[in-house]
Structure formats: structure tokens, C-alpha cells
Amino acid sequence: MDTESKLRILADAAKYDVACTSSGLDRQAQPGKLGNAVSAGICHSFSADGRCITLLKVLYTNACVYDCAYCVNRRSNDVPRAVFDPRELADLVIAFYRRNYIEGLFLSSGVLVNPDYTSELIMESLRILREEYGFRGYIHAKAIPGSSPDLVARLGLLADRISVNMELPSRESLALLCPEKTKSSIISPMRQIKERIEEDKDARSLARKNACYMAERRSGKTSRAFAPAGQSTQMIIGATPESDRQILTLSSALYASMALKRVFFSAYFPVNEDARLPSSGAVQLDREHRLYQADWLMRFYRFDAKEILGDSSFLETDLDPKAAWALRHLEQFPIEVNTARYESLIRVPGIGVCGAKLIVRARKASSLGECELRKLGIALKRARYFITCRGKYLGEGVEFAPEALRARLSAPIRSGNSGRGANRALEGQLSLWG
């Protein structure tokens, strides 16, 4: 099988791995070496199904010895199989990079033979990229659950970000749908990666403190940091009966205990016939969207998982989590934008982190009114019901009550149609193969 045929199979097989993120790492180019990494990310290419991507997202192999119920690549499925050669994959990445198709690589894999054997092949590809080609672009690699600690340690010195997929939100669901995987095989490498990142940061910090600032010439060669862009994980949503409360509580615990950079949520998409899987063919994209919004509130807005949900087990689909929280706590509103603390401003629907910082900075120079807030880019269509400016309430004409405000704030998610019809490419978009 030629490289292009392998790429078609393995790029398509990788589309269920979530990688909708920028690299999270800035690295400048160096003379004699190839590539760089930009934290903002650059969308230069489109995959075969029309999605804009920054990375070459591909599996090393889709030949898997596991039989996970939800996975299209499980061993019991009759699908075309392919395996890259380490140098073949490295050459492909370099060829795509030279053509400005990609900024870096997102590499996952099925389990070929066993986790250690697969990890060895993946790391040989990354070694060729880093050491032989001098590739300094961004690499996000999936650690294979069950791999030995030595291999995970080596992987962290080659990749910028490592992820170990949680897959499912509970031990029971994992045992039901992924009988070959265990919670310990997932948590152990997560904990190891966290500890190695902390050790590496401490060692580098100590080295900087002990540095001698004499006129001596420094050595130009420095060792690579261990997973400098941190680690992340992914959970499948909708394949098992866990509630949003369970999912967000687990995410919060992972952020606290494993120092994750990101928890990705992937709405379950039915690709297999299996009695253990939901009978409905709907894809819960709206639920996935609300979970991402709630996750954002936990990471950047200082919300706790419990207060986001209140007494409910599931997030509302017709109201974003921040607005839903505000309606449950109207006793805290309206607040005066010219005097409110930053911590109170970021909890107002329509005011984000950047908007709150702009308000705090701008009100030092002058008193803010509706006109000034518009100039700052504040979404007054939503914020007006929760703030006052110079003592004036901006939501006049609307009763300050939960039901009246809910009618104003409720809005459907405009991310496309849910269900099987949502999985489509838009006509007219460029193709990676065109």
C-alpha cells in the first residue's frame, strides 16, 4: 500500500480524536533547524471532509487489538487497515510542512500487538523528526494506556503535549465498553506525566537561580523540556448514562489533581452496531457545546462544578451555563460596573474575562456608561439585564424576574443541526487532496 492510501485511511480514522486547539506553545525558529510553533495556531489546510485544521491529525495505525464497543477501529470491525513505517510518517510530516499545509502533528494510534510495541514505533517516528530532521514544530502525541513508565518518560521529551484519553467518565462504563482497558492504566501515566512536568520545571527553575552571570560564554545546547505544553485528555459524551454533573465533577478533579491543560469532550457518534451502545442515532452536539462552555467557566471564570449545575444533573440546552447560573442568583444582581470587583464582573452574562479587564482599566480614567461599554465591546444584549451604569439600570422595560429574563436570554445553539445530518462537509471548501 502506498503512502497516500495509508494517509487516506489513517487520517479518516483519526477524525474522532478531538484536537480543536492551538498549540499552547511558542517556539522560535533556529538556524539550521526546521519549523517553529505558534501558540495562537495557524489554520492553513483543510482535511478531506472540509474541516479547517492546523495540524496533520493522523493515526499511526488503525490495526487495533482492542475491541472497544464505540470505536470504528475495533478489531471485530471489517474496515481497511494500515500501518505507517516510522520514517514514512516522518517524511510525510516534513513534506506537508514544507508545502505549508500544516504547523505540526497530532498523532494518535490504535494498539498494534501491545501498548509497548506501538509506543516504540510512535517514538521512532518522533525521534526521526526531532533529531534527524531538526523539526521544531508542535507535536501532540497520545500516550498509549498500558505503556511502560520508561516509554512515557521518553515520549514527553519528544512531544510538546501528551494526552492520555480518559475515554469514558466512570470505571463501570469503561469496564462495559472497553473491557481491555482499566482506570489504573489511564490514571497512572497521567500522574507520571504530571510529576515529570513538575520535576522538570523545578529543575529548570533551580538551574536559572544558580546560573552564573559572568562573561563566560554559555553553551548553546540545552535539553528539551518535558511536555512543555502540558497534558490533556478526552471523554466520550452520550455513549453511557453518566450525567453532566458526573462529567464536570470528574473534569474538575482532573484539573486539580493532574494539572491538565484541557479536557476535551467528544459527542458519541454511532459507527457500530452493539447492544451495549445507545439505540438512538442522534449526536449530542448541543450537550457537547454546553459542556465546553461549563468547562470554560471552571477554567477561566472561577466557577465550581457544583454551582454551575445547581440542583440539576444536566445542563440546560436552551440557555448557556453562565446565564442559567445568573438567573438562579438574581439576588447578586444588578451590579454597578463602575464599582464592582473584577470577580463579580466576570460572572455577568455577556462580560468575559477580557471585557472585565477592560472595564476595570477604563473606569480608572472616567465613569462608564452604556456608550462606553459598547466601545469596549461588551455584549450588552445580554449584560444589560444584570448591570447598572452610574446608578441607571440598563434593562428597563423587562421585569427583573427569572422567567422574564429567561425569555430574553434563551437562544438555540447555532452550531448546526444535531443528529446524523450534522456530520457533513460544506460545499465549496478546499480539500487537502485537491
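Bear in mind the structure is a predicted one, so any value in this text is a computation, not a measurement. Residue numbering note: each chain is counted from 1, following its sequence as written. With the structure being a predicted model, the display of local features is reserved for residues of pLDDT at least 70 and the display and counting of side-chain atom pairs for 80 or more, all residues being used for whole-chain, interface and lining totals. Only hydrogens and water are set aside; all other atoms, that is, all heavy atoms of the structure, feed into the side-chain values.

Q: Any chance you could break down the pattern of salt bridges for me, citing the residues and the numbers?
A: The term salt bridge refers to a side-chain nitrogen of Lys or Arg lying within 4 Å of a carboxyl oxygen of Asp or Glu. Throughout the structure, instances matching the rule amount to 25 salt bridges. The partner of Arg 382 in a salt bridge is Asp 320, with the nearest N and O atoms 2.6 Å apart. Of this pair, Arg 382 sits in helix α14 (residues 380–383) while Asp 320 sits in the loop between α9 (305–309) and α10 (321–328), and the two are 62 residues apart along the sequence. Arg 341 serves as the salt-bridge partner of Glu 343, at 3.4 Å between the closest nitrogen and oxygen. Residue class for Arg 341 comes out exposed when judged on its relative accessible area of 54%. Secondary structure elements follow DSSP: runs of H or I of four or more residues count as helices, runs of E of two or more count as strands, with numbering from the N terminus. Think of it in three bands: residues with accessible area under 20% of the maximum for their type are buried, residues over 50% are exposed, and the middle band is partly exposed, with areas taken using a 1.4 Å probe on protein chains only.

Q: Before we move on, can you summarise the sheet that holds strand β10 (residues 387–389) with the specific residues and values?
A: Any two strands are treated as partners once DSSP identifies two or more bridges connecting them. Read across the sheet, three strands follow the order β9-β10-β11 without closing on themselves; strand pairing throughout is mixed. Whereas interior strands pair on both sides, the edge strands pair on one side only; in this sheet they are β9 (335–336) and β11 (392–393). Of the pairings in the sheet, the one linking β10 to β11 comprises two bridges and is antiparallel in character. Note that in β11 the partner of Thr 388 across the bridge is Tyr 393.

Q: Got a sec to walk through empty space enclosed by the protein? Specific residues and values, please.
A: Here a cavity denotes a set of grid points, spaced 1 Å apart and computed over the protein atoms alone, in which a 1.4 Å probe fits but from which it cannot get out, and a pocket denotes an open set meeting protein on both sides within 12 Å along at least five of seven lines; residues with an atom within 4 Å of a point are reported as lining. Grid points are joined across faces, edges and corners, and a volume is the space filled by probe spheres set on the points. Scanning the model with the defined rule gives one cavity of 30 Å³ or more in all. Volume-wise, the largest cavity comes out at about 30 Å³. Forming the boundary of the largest cavity are Ser 119, Ile 122, Met 123, Lys 142, Ile 144 and Leu 155. Per-element accounting of the lining of the largest cavity gives the leading share, three residues, to helix α3 (residues 115–132). For the lining of the largest cavity, the residue count by class is four nonpolar, one polar and one charged. Note on residue classes: Ala, Val, Leu, Ile, Met, Phe, Trp, Tyr, Cys and Pro are nonpolar, Asp, Glu, Lys and Arg are charged, and everything else, Gly too, is polar.

Q: Quick rundown of the pairing of strand β4 (residues 104–108)? Include the residues and the values.
A: Of all five residues in β4, five are buried; the element is thus mostly enclosed. The two faces of β4 match: Gly 104, Phe 106 and Ser 108 on one face and Leu 105 and Leu 107 on the other face are all buried. Alignment of strand β3 (residues 55–59) against β4, held across five bridges, turns out to be parallel. Bridge pairing in β4 places Leu 55 opposite Gly 104. A clockwise path from the first strand over the helix to the second, with the strands pointing away from the viewer, defines a right-handed crossover. Handedness of the β-α-β unit built from β3, helix α2 (residues 86–98) and β4 comes out right-handed. Examined bridge by bridge, β4 and strand β5 (residues 138–142) share four bridges and lie parallel to one another. When the sheet's bridge partners are listed, Phe 106 is paired in β5 with His 140.

Q: Let's hear about the packing of aromatic side chains: which residues, and what values?
A: Only rings of Phe, Tyr and Trp enter the pairing, Trp through its six-membered ring, and a pair is recorded when the two centres are within 6.5 Å. The plane angle decides the type: under 30 degrees is stacked, over 60 is edge-to-face, the rest tilted. Under the criterion given, the structure shown has seven aromatic pairs. With a centroid separation of 6.0 Å and an interplanar angle of 85°, the aromatic rings of Trp 325 and Phe 333 are classed as edge-to-face. Take Trp 325 and Phe 333: they sit in the same class, and that class is buried. Between Phe 333 and Phe 386, the ring centres sit 5.2 Å apart and the planes meet at 75°, which makes this aromatic pair edge-to-face. Taken together, the residues span a long stretch of sequence, with Phe 333 in the loop between α10 and β9 and Phe 386 in the loop between α14 and β10 at a distance of 53 residues. Here the two residues Phe 333 and Phe 386 agree in accessibility, since each one is buried. We call a charge positioned above a ring when the Lys NZ or Arg CZ atom is no farther than 6 Å from the ring centre and deviates by at most 35 degrees from the ring normal. If you follow Arg 347 out to its NZ or CZ, it ends over the ring of Trp 325, 5.1 Å from the centre.

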